[in-house]
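Each chain is listed here by its residues.
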Amino acid sequence: MANEFKLPTLGEDVQSGTITKVLVSPGDSVSADQPVLELETDKAVLEVPSTVSGTVEEIRAQEGQTISVGDTVFLYTGGGEGDGGKAAAAAAPAAQEEEQKEEASASGQKEQQPAPSSKEETKDEAKEDAKQAKEPPARKDARSKAEAPPAASAQDKDNGSERKAAPRRSGPVPAPPSVRRLAREIGVDIHEVPGSGPQGRISAEDVKSYARQVNTDVRGMGSAGRAAPLISLPDFSRWGDTERSTLGSVRRRTAENMSVAWTAPMVTQFDKVDVTELEKLRKRYGKQVEAAGGKLTVTAMIVKVLGAALKKFPQFNSSLDMDNDELIYKRYYNVGVAVDTDRGLLVPVLRDVDTKSITEICVELSGIAARARERKLSLEEMQGGTFTVSNLGGIGGTGFTPIVNAPEVAILGIARASVEPVYQEDGRFEPRTMLPLALTYDHRVIDGADGARFVRFVADVLEQPFLLFLEA
Amino acid sequence: MTEQARTRVAIIGGGPGGYAAAFMANDLGLDVTLIDVEKNPGGVCLYRGCIPSKAFLHVARILTEAREAAYWGIAFDEPKVDLNRLRESKDEVVKRMTGGLGQLCKSRKIKYIQGRASFEDSRTLSIIHDDGATERLETDYTILATGSRPTPLSELFLESPRMMDSTAALQMEDIPRNLLVVGGGYIGLELGTVYAAMGSKVTIVEKESTLLPGADPDLVEVLHKRLEPFVERILLNTSVASIKEARGGLAVTLEGKEAENKPAQFDRVLVCIGRRPNSSGVGLKNTRVSLTDGGLVEVDAQRRTKDPYIYAIGDLTGEPMLAHKASHEGRVAAESIAGQRTAFEPNAIPAVVFTDPEVAWCGLMEKEAEAKGIEVKVARFPWAASGRAATLNRPEGLTKLITDPDTEQILGVGIAGTGAGELISEGVLAVEMGATAYDVGFTIHPHPTLGETIMETADLIFGHAAHVHQSRPEPREAAGKE
Ligand SMILES: Cc1cc2nc3c(=O)[nH]c(=O)nc-3n(C[C@H](O)[C@H](O)[C@H](O)COP(=O)(O)OP(=O)(O)OC[C@H]3O[C@@H](n4cnc5c(N)ncnc54)[C@H](O)[C@@H]3O)c2cc1C
């Protein structure tokens, strides 16, 4: 009896990808969490772990093919003897194993006897429990009246923990068991899937397209993202040679996101910061941070300052929910840092910057930027940002107008610092190192005056770092 | 013992939970060992539950129908009952079924061990055979399916050859002249029906205010009305105060609303007031399995216990204590062990009371909707309007649908009437598929059948909802509309 392993949801941003490598072949044993595909998605190259264990019967996915969540990857026959004795033990939490041992020795038993057949068969050790442990937590079904007539309904159970996440529907979902199973297999909460059928009936197709759409919806921008500019292209070859090259996934993704972002009315506020003193500090303490494994950069220092700024101006750390007429304030401060890679622009996210020291931020930033360039970023590392910084100063330019990284509502651009003659109060000009900042914000959420205050706050703190202690 | 015996999946208990799990695990390519104290699998369901009781209920039905043929002008002599032959036939049915299961195990290469198993630790079972010999079995996973047993009579009243639990009642040693059935739940009513058809004068006492407490009152009423002339008495809000041995019988004192002061004499007393999970004596203290106060095993959606190596299914995990629920859980547990993403999450578990008439229901019922404050739209179709019911001279039935008032999705179905047990499957399918009343109403049902009543009930639902299906002509005045 062959089962299908379908591409599970891999994070909210992944709807489909191009298969760069199939890591299993027919006849192989697979176990839960074992990588079975290498998938190039919009943002990263990922390994797709199996969520099932068994023996691969037939591969349905081919290299080079585009595959979507819910599509069949391979057929397998389950469990099998291939994952002999160690299976359970491999995955049971360590603490538990120890308890096991105690129990076993108490009863005068050897903890674990190897399976007589395990020699030939354990070439792949299933980790079923590891996967099972991820499944929804226990629901209690503690109705205990014995001779009550056979209570028929499963409603009680429906109120169990599994369903709590879904406030949308209370009763049974209008979806047949096969569709509910598909949803479970690919990691979609069936309660959240809108049904396209009469009276909201949910089909298998609905589940799949929901899985694909999740991200677009989250971005709250509806279909605007996909809409390409309605310009019909002329035949460029009339004027000379051309060459067509396919958009890489990162480029395509960037193009889509930018189109979405562009639909928001944005304003860019400029300012200049005197970083002469800061530069001295940076030089003085650079070695110390280097010893810790990072590089003390202006970006890192600004990220630190942003932690305080976002707390002081919470609307800059929000997102707009137009459908519900609400502004969503986030109580975490995760700053995305734009990184230029050979595949295009990537934005890894530094989490909880408000709680980290500058040194910690430097170390983390060095690591994450390097991983971005080596294409090793995981999806999680690119999700959950609340504000973005883009520093083009390393390349040059006196200023630019960054575009907000929707659904965030503001972005800070940093251009190249330069030494300028600055007029002093005593009438002299003094050479000072000036850093140009450009804050772009979503004008639906943020007013101009607040925009100016926000940049000014960042600038003040950079000029007088002691303010950070006063403020934060 | 030189080499330790081991298995990928051990299943303790060969009832409908255990053997369904064994077959599923076997289908999924796992190495399975099934253990039960009986010679063959079958469990309570086959040996002393569903199957023998249904065999007797079939006989009861023949007897009743023969008597009722008088309505059509056909008269039979009073039937002669050969109790020995009756028991024999029932035993043959049981043997055929359990033997068949044993055979299936063999042909599927499922190892079957006859013996009593208990845990030495989470992954070691010790099995005691009939002859006292023990063997030890190492397991990767164990599915616990030891089922339930009637609450011991000794705990309740007294032990006496005249006292019966359901198991003893199915032995049918004799047909008592006077039988008291304690408990108006489904088992008491089914067995009471059997004895009444055989000629016993049956008195039923139930401490709640209704038979089948928990079921919707309109369904119960259909059964109650027909039972009344069929049995001696039905005493509600009444319980047993004491039972004493008396000369030639048992003297029973009842208490409650309808009880008389002086004790009444019965030849036998059948007690059906509850079942206990078989969760003790299995060595669970040597594992991490946790129990509720009632002794039920706590499990998650995959039927995994608090011990990662042990699953539990069937009566052991609680209500509804029904064979088909046990089997479904067995399949889920096996799938989970095989590494599949699976969960026990039915939208409807059917319940059937095989009395005459039968009462069956599934999904959300009115009583529950009321208790939980769920808004529902209900349609009822009395069988007086059914041609088929008329040809059977059984017009007392009732079919009802419980639907979502906004979407008309069918959430529950209730049927009381002859053949309800067979009819309810359509209801279960409708609920599981998320069908709307329109779906069912616009599915052609054969005429004349009792199944049509389900279609007609659905018609009543959307017939009223003018805003949804306007193209439809105004609903005819359905005879059954209330
Ligand atoms: C009179 C009666 C009528 C019924 N009618 C119906 C009906 O019509 N429809 C319906 O759905 N349900 C009916 N039931 C309920 C049904 O029988 C149970 O719900 C069902 O049998 C439960 O299955 P199970 O697998 O959980 O366990 P069981 O069927 O109880 O099987 C458990 C098995 O485990 C064995 N066992 C226990 N402990 C051990 C041990 N330590 N080692 C080895 N073996 C062990 C037992 O011997 C038994 O064979 C009826 C029950 C009764 C009593």
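Everything that follows concerns the structure shown earlier in this document.
Residues numbered from 1 in each chain as written. Chains lettered and ligands numbered in written order. Predicted model: local features only at pLDDT ≥ 70, side-chain atom pairs only at ≥ 80, totals over all residues. Heavy atoms only, no water.

Caption draft 1: Fine view of the site of the ligand. Residues and elements named next belong to chain B. Surrounding the ligand, one finds 37 residues, the nearest of these being Gly17, Asp36, Lys54, Asp315 and Ala323. In this structure, an oxygen atom belonging to the ligand sits 3.3 Å away from a main-chain N or O atom of Met321. Between the ligand and His324 there is a distance of 3.5 Å, counted from an oxygen atom to a side-chain nitrogen or oxygen. Considered on its own, the ligand offers 990 Å² of accessible surface; in the complex 96% of this is hidden by protein. Those elements giving two or more residues to the shell around the ligand turn out to be α1 (16-27), β2 (32-36), α2 (43-48), α3 (50-68), β4 (116-121), α7 (186-198) and α9 (323-337). A per-element tally of the shell around the ligand places α2 first, with 4 residues. (Near = heavy atom within 4 Å. Polar contact = N/O pair within 3.5 Å; in protein donor to acceptor, adjacent residues only side chain to side chain. Areas by Shrake-Rupley, 256 points an atom, 1.4 Å probe, with all protein chains shown as cover. Helix = DSSP H or I, 4+ residues; strand = E, 2+ residues; numbered from the N terminus.)

Caption draft 2: Quick peek at the packing of aromatic side chains. With the rule as written, the count across this model stands at 12 aromatic pairs over all chains. Ring centres of Phe313 of chain A and Phe454 of chain A lie 5.5 Å apart, and the angle between their planes is 70°; on these two criteria the pair is classed as edge-to-face. Taken together, the residues Phe313 of chain A in the loop between α11 (298-312) and β10 (318-321) and Phe454 of chain A in helix α13 (residues 448-463) connect sequence positions 141 residues apart. Residue class for Phe313 of chain A comes out buried when judged on its relative accessible area of 10%. Using a relative accessible area of 0% as the deciding quantity, one classes Phe454 of chain A as buried. Three or more aromatic residues joined by ring pairs make a cluster, and in this case those are Phe313, Phe316, Phe387, Phe454 and Phe457 of chain A. Looking at Arg108 of chain B, its charged tip hangs above the ring of Phe23 of chain B, at a distance of 4.5 Å from the centre. (Phe/Tyr/Trp six-rings, centres within 6.5 Å; stacked < 30°, edge-to-face > 60°. Buried < 20%, exposed > 50% of the residue type's maximum accessible area, 1.4 Å probe, protein only. Lys NZ or Arg CZ within 6 Å of the ring centre and 35° of its normal.)

Caption draft 3: Layout of the packing of α3 of chain B against α7 of chain B. Residue and element names in this part refer to chain B. Two elements in contact, α3 and α7, have axes separated by 9 Å at closest approach and are oriented at 45°. As summarised for this structure, α3 and α7 are arranged oblique, according to the angle between their axes. The interaxial crossing formed by α3 with α7 has left-handed handedness. Here α3 contributes Ser53, Lys54, Phe56, Leu57, Val59, Ala60, Leu63, Thr64 and Arg67 to the contact with α7, which in turn contributes Glu190, Leu191, Thr193, Val194, Ala197 and Met198. Of the residues that constitute the contact of α3 with α7, the class distribution is 9 nonpolar, 3 polar and 3 charged. (Axes fitted to C-alpha atoms, helices over the stretch in contact; angles between N-to-C directions. Parallel < 35°, antiparallel > 145°, perpendicular 65-115°, else oblique. Left-handed = near helix turned anticlockwise from the far one by under 90°. Contact = heavy atoms within 4.5 Å. Nonpolar A, V, L, I, M, F, W, Y, C, P; charged D, E, K, R; others polar.)

Caption draft 4: Molecular detail of the sheet that holds strand β15 (residues 268-271) of chain B. Strand order across the open sheet formed by 5 strands is β8-β15-β9-β10-β11 (chain B), with parallel pairing between neighbours. Each edge of the open sheet carries a strand with a single partner, namely β8 (163-164) and β11 (233-235) of chain B. (Pairing = 2+ DSSP bridges.)

Caption draft 5: Spotlight on unusual backbone geometry. Cis geometry is adopted by the peptide bond preceding Pro320 of chain B, which originates at Glu319 of chain B and carries an omega value of -10°. Tracing the backbone through its elements, the reader meets Pro320 of chain B in the loop between β17 (310-312) and α9. Positive phi values are uncommon outside glycine, yet Asp325 of chain A reaches one of about 55°. Secondary-structure assignment places Asp325 of chain A in the loop between β10 and β11 (326-329). Given a relative accessible area of 71%, Asp325 of chain A falls into the exposed group. We note that Lys109 of chain B has phi near 60°; this positive angle belongs to a residue other than glycine.

Caption draft 6: Region of the structure containing the packing of α3 of chain B against helix α4 (residues 83-107) of chain B. Residue and element names in this part refer to chain B. The contact between α3 and α4 brings their axes to 9 Å, and the two run at 135°. Classified by the angle between their axes, α3 and α4 sit oblique to one another. Remark: the crossing between α3 and α4 carries right-handed chirality. In this structure, α3 contributes Ile51, Pro52, Ala55, Phe56 and Val59 to the contact, and α4 contributes Leu86, Lys90, Val93 and Val94. Looking at the contact of α3 with α4 residue by residue, the class counts come to 8 nonpolar, no polar and 1 charged.

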